[in-house]
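Observations on chain architecture
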Amino acid sequence: MRLILLGPPGAGKGTQAQRLVSQYGIVQLSTGDMLRAAVGAGTPVGREVEEIMARGALCPDSLVVSIIADRIEQPDARKGFILDGFPRTVPQAEELDRLLAERGLSLDAVIELRVDEAILLQRIESRIEAMKARGEKLRDDDNPEVLHRRLAAYRAQTEPLVDYYRRHGTLRTVDGMAPIEEVAATIDRMLSSEAVRSAPEPALAQRR
Ligand code: AMP
């Protein structure tokens, strides 16, 4: 199973991805996590992206594409993967199509978590305040100002992917404002009908 989770920051992509990981035994590939690890380790890539990430902008396409190209080659990604936070631009999506086609692979579904931005922002701002009150560590880009910029980047650069994948016929849209369990159940229903659709026709299967 190869999936993309599409949606703005705070839409719940990470939460749903983790659940799908344990359910389908596939890996979650989050470019945000990989880039944060590079920043934490002080690698050349980390030094290149640290400031870009801190201001809520997007890192260069070529850099994230090469990270993903390497990552999908790893043995643990053979059974399938969930891309969380990638692709984020049309050129990244085109490169992903190329990478998959070269390997004879395809996407099973692109799941868009559609949210109401104003409510989302309120939700994230109150979550940040609650974390601060509990003395928990926040991400560098977890503050209202940067969040506005990350949402603006989503709208300008990532939202066009909704149309891109709609044209490709792989887009499935879920109401991301629903409770987590409801979102999970809707995704499960979508994926099981996906599995039915991609299974061989009974008549054909019998003839083999
Ligand atoms: P995330 O954890 O997915 O919200 O990503 C955190 C930050 O990492 C983003 O605000 C970007 O600066 C960077 N980033 C993650 N994924 C990508 C991507 N696919 N393309 C460009 N920048 C990315």
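Note: the structure precedes this text.
Let me sum up the structure you'll find in this document. Chains are numbered independently. Their residues run from 1 in the order of the written sequence. With the structure being a predicted model, the display of local features is reserved for residues of pLDDT at least 70 and the display and counting of side-chain atom pairs for 80 or more, all residues being used for whole-chain, interface and lining totals. Excluding hydrogens and water, the side-chain values take into account all heavy atoms of the structure.

All right, on to the overall build of the protein chain then. Going along the chain from the N terminus, every DSSP run of H or I of four or more residues is numbered as a helix, and every run of E of two or more is numbered as a strand. In terms of regular secondary structure, the protein chain is built from ten helices and five strands. All radius of gyration figures rest on C-alpha atoms, and the globule criterion is 2.2 Å times the number of residues raised to 0.38. A compact globule built from 208 residues would reach a C-alpha radius of gyration of about 17 Å, and the protein chain, at 18 Å, matches this within 12%. Counting only C-alpha atoms and orienting by the principal axes, one finds that the protein chain spans roughly 65 × 40 × 30 Å. Working definition: with a 1.4 Å probe on protein chains only, accessible area under 20% of the residue-type maximum means buried, over 50% means exposed, and in between means partly exposed. A burial count over the protein chain gives 42% of its 208 residues as buried. Whether two residues touch is decided by their heavy atoms; if any such pair falls within 4.5 Å, the residues are in contact. Counted over contacts in the protein chain with a minimum sequence separation of 6, partners at least 24 positions apart contribute 74%.

Turning our eyes to something else, we now look at the site of the ligand. Taken together, the neighbourhood of the ligand is formed by 16 residues, with Thr31, Arg36, Ala57, Gly85 and Gln92 sitting nearest. Here a polar contact means two N or O atoms within 3.5 Å. Within protein one must be a hydrogen donor candidate and the other an acceptor candidate, and residues neighboring in sequence count only if both atoms are side-chain atoms. The side chain of Arg36 places a nitrogen or oxygen atom 3.0 Å from an oxygen atom of the ligand. Separating a nitrogen atom of the ligand from a side-chain N or O atom of Gln92 is a distance of 3.0 Å. Here the Shrake-Rupley method, with its probe set to 1.4 Å, supplies the accessible areas, and only the displayed protein chains count as covering residues. Contact with the protein chains covers 96% of the free accessible surface of the ligand, which is 480 Å². A molecule is said to occupy a pocket when more than half its atoms come within 2 Å of that pocket's grid points, and by this definition the ligand occupies the largest pocket. Counting residues per element, the shell around the ligand draws most heavily on helix α2 (residues 31–41), which supplies four residues. The class makeup of the residues in the shell around the ligand is seven nonpolar, four polar and five charged. The cutoff for a nearby residue is simple: one of its non-hydrogen atoms must lie within 4 Å of the molecule or strand. Here a cavity is any set of points on a 1 Å grid over the protein atoms alone where a 1.4 Å probe fits but cannot get out, and a pocket is any open set with protein on both sides within 12 Å along at least 5 of 7 lines; a residue lines the site when it has an atom within 4 Å of a point. For a cavity or pocket, the test is whether more than half of a molecule's atoms lie within 2 Å of its grid points; if they do, the molecule sits there. Residues are grouped as follows: Ala, Val, Leu, Ile, Met, Phe, Trp, Tyr, Cys and Pro are nonpolar; Asp, Glu, Lys and Arg are charged; every other residue, Gly included, is polar.

We now examine the packing of aromatic side chains. Only centres within 6.5 Å qualify two rings of Phe, Tyr or Trp (six-membered ring in Trp) as a pair; their planes then separate them into stacked at under 30 degrees, edge-to-face at over 60, and tilted for everything else. Per the counting criterion, the structure on display carries one aromatic pair. Relative to Tyr165, the ring of Tyr164 has its centre 5.0 Å away and its plane inclined at 85 degrees; by these criteria the two rings are edge-to-face. The pair formed by Tyr164 and Tyr165 is uniform in burial state, with each residue classed as buried.

Between N-to-C directions, angles cover 0 to 180 degrees, with each direction set by a line fitted to C-alpha atoms, over the stretch in contact for helices. Axis separation between α2 and helix α3 (residues 44–54) bottoms out at 8 Å; the angle between their running directions is 115 degrees. On the basis of their axis angle, the class for α2 and α3 is roughly perpendicular. Classified by chirality, the crossing of α3 by α2 is left-handed. Contact residues: Gly32, Leu35, Arg36, Ala38 and Val39 in α2; Val45, Gly46, Val49, Glu50 and Met53 in α3. Classifying every residue of the contact of α2 with α3 gives six nonpolar, two polar and two charged. For classification purposes, an angle smaller than 35 degrees is called roughly parallel, one larger than 145 roughly antiparallel, one from 65 to 115 roughly perpendicular, and anything else oblique. Should the near helix be turned anticlockwise from the far one by less than a right angle, the crossing is left-handed, and should it be turned clockwise, the crossing is right-handed.

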